[in-house]
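Close look at the chain arrangement
Here is how the chains run, residue by residue.
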Amino acid sequence: MTPEYNRVLLKISGEGLAGSSKIGIDAEVIMTLAEDIAQVSKLGVEVCLVIGGGNFFRGAKNALAGMDRSVADQIGMMATVMNALAMRSVLQSIGVKATVYSGFSVPQACESYQFEKAIRSLENKEVVIFAGGTGCPYFTTDTGAALRAVEMHCDILMKATQVDGVYDADPRFNSAAKRYDEISYADVLNKHLNVMDMTAVAFAGENNLPVKVFALNEKNALLNAVCGKAKSTTIK
Ligand code: UDP
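Just so it is clear, the structure is predicted and the values come from calculations on it, not from any experiment. (Residues numbered from 1 in each chain as written. Predicted model: local features only at pLDDT ≥ 70, side-chain atom pairs only at ≥ 80, totals over all residues. Heavy atoms only, no water.)

Relative orientation and spacing of two packed helices are given, respectively, by the angle between their axes and the distance between those axes. Between helix α1 (residues 27-42) and helix α3 (residues 69-93), the least distance of the axes is 9 Å, while the angle of their chain directions is 60°. Classified by the angle between their axes, α1 and α3 sit oblique to one another. Between α1 and α3 the crossing geometry is right-handed. Touching I30, M31, L33, A34 and I37 of α1 are A86, M87, V90, L91 and S93, all from α3. Among the residues forming the contact of α1 with α3, the class breakdown is nine nonpolar, one polar and no charged. (Axes fitted to C-alpha atoms, helices over the stretch in contact; angles between N-to-C directions. Helix = DSSP H or I, 4+ residues; strand = E, 2+ residues; numbered from the N terminus. Parallel < 35°, antiparallel > 145°, perpendicular 65-115°, else oblique. Left-handed = near helix turned anticlockwise from the far one by under 90°. Contact = heavy atoms within 4.5 Å. Nonpolar A, V, L, I, M, F, W, Y, C, P; charged D, E, K, R; others polar.)

As structure tokens, then:
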């Protein structure tokens, strides 16, 4: 297996850790993902990771009545920190060096995000987990992932989803839906293809960050995608 990239940022949603229950963290699911990341890292690929928080809390969706959106988003950002801490532990348990940098500071639990330190960690072959999204409310971890991928000079943002790419219609409901091998940022935005939030797609486009959309639904999914052996769509 030969990797196509030197440095990648993998974005998974919080639900990607939850398994079938969609809530919390499933021990088997997180271990399978950690093993996949470990294999990619062993090939010499520098791996950044962003995990969402939707398995615990999404600000816009789960805000309680009367709760300010900014507070709800703070809870969401803390959810991403919980996922990052869990993943750090699991990676460390299988011998992978991993550091969490959070844009939303929780100094007792992990490093606060600092560009310089994060770059050094990557050069030191640590898996670098970015938690806390952008650190600001009204954003999502897709946008946080695109931001950190650009800052870290990643070759690509690997966006893991339930589906193996971007389709012209939802393949779960339309058997005639066609998958794009490649698609432009502008087409994703203009056709309202619901693959990442619009801010993230626009930001990636402005910064020429390619985004590979692939399915994280089997063992070695990341390894295969990084080595060009998985069905996917590249947004560029
Ligand atoms: N969030 C935020 N700012 C950010 C990133 C995330 O306020 O820069 C909050 C927001 O409430 C969001 C939640 O954290 O709903 C969890 O992130 P996201 O919804 O992106 O998680 P995912 O859908 O990827 O699991």
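Quick look at the pattern of salt bridges now. Oppositely charged side chains can form a pair if their charged atoms are brought close together. Under the counting rule described, the total for this entry stands at 16 salt bridges. Residue R7 pairs with E46 through a salt bridge whose shortest N-O separation is 2.7 Å. Taken together, the residues R7 in strand β1 (residues 7-12) and E46 in strand β2 (residues 46-51) connect sequence positions 39 residues apart. Across this residue pair, the class does not change: R7 and E46 are buried. Given a relative accessible area of 13%, E46 falls into the buried group. Here the salt bridges do not stand alone but share partners, grouping R7, E46 and K125 into one network. (Salt bridge = Lys/Arg side-chain N within 4 Å of Asp/Glu carboxyl O. Buried < 20%, exposed > 50% of the residue type's maximum accessible area, 1.4 Å probe, protein only.)

Here we take up the environment of S102. One can find S102 in strand β3 (residues 98-102). Separated by 18 residues in sequence, S102 and A84 have C-alpha atoms that sit 8.9 Å apart. Aside from chain neighbours lying at most four places away, what touches S102 is V81, C110, E111, S112, Y113, A131 and G132.

So, on to the packing of aromatic side chains. Taken as a whole and judged by the stated rule, the model has one aromatic pair. Residues Y113 and F130 carry aromatic rings whose centres are separated by 5.7 Å and whose planes lie at 70° to one another, so their mutual orientation is edge-to-face. Within this pair, whereas Y113 is found in the loop between β4 (111-112) and α4 (115-123), its partner F130 is found in strand β5 (residues 127-131), the two being separated by 17 residues in sequence. Relative accessible area serves as the criterion here: at 3%, F130 is assigned to the buried category. One residue, R148, lies across the ring of Y113, its end atom 3.6 Å from the ring centre. (Phe/Tyr/Trp six-rings, centres within 6.5 Å; stacked < 30°, edge-to-face > 60°. Lys NZ or Arg CZ within 6 Å of the ring centre and 35° of its normal.)

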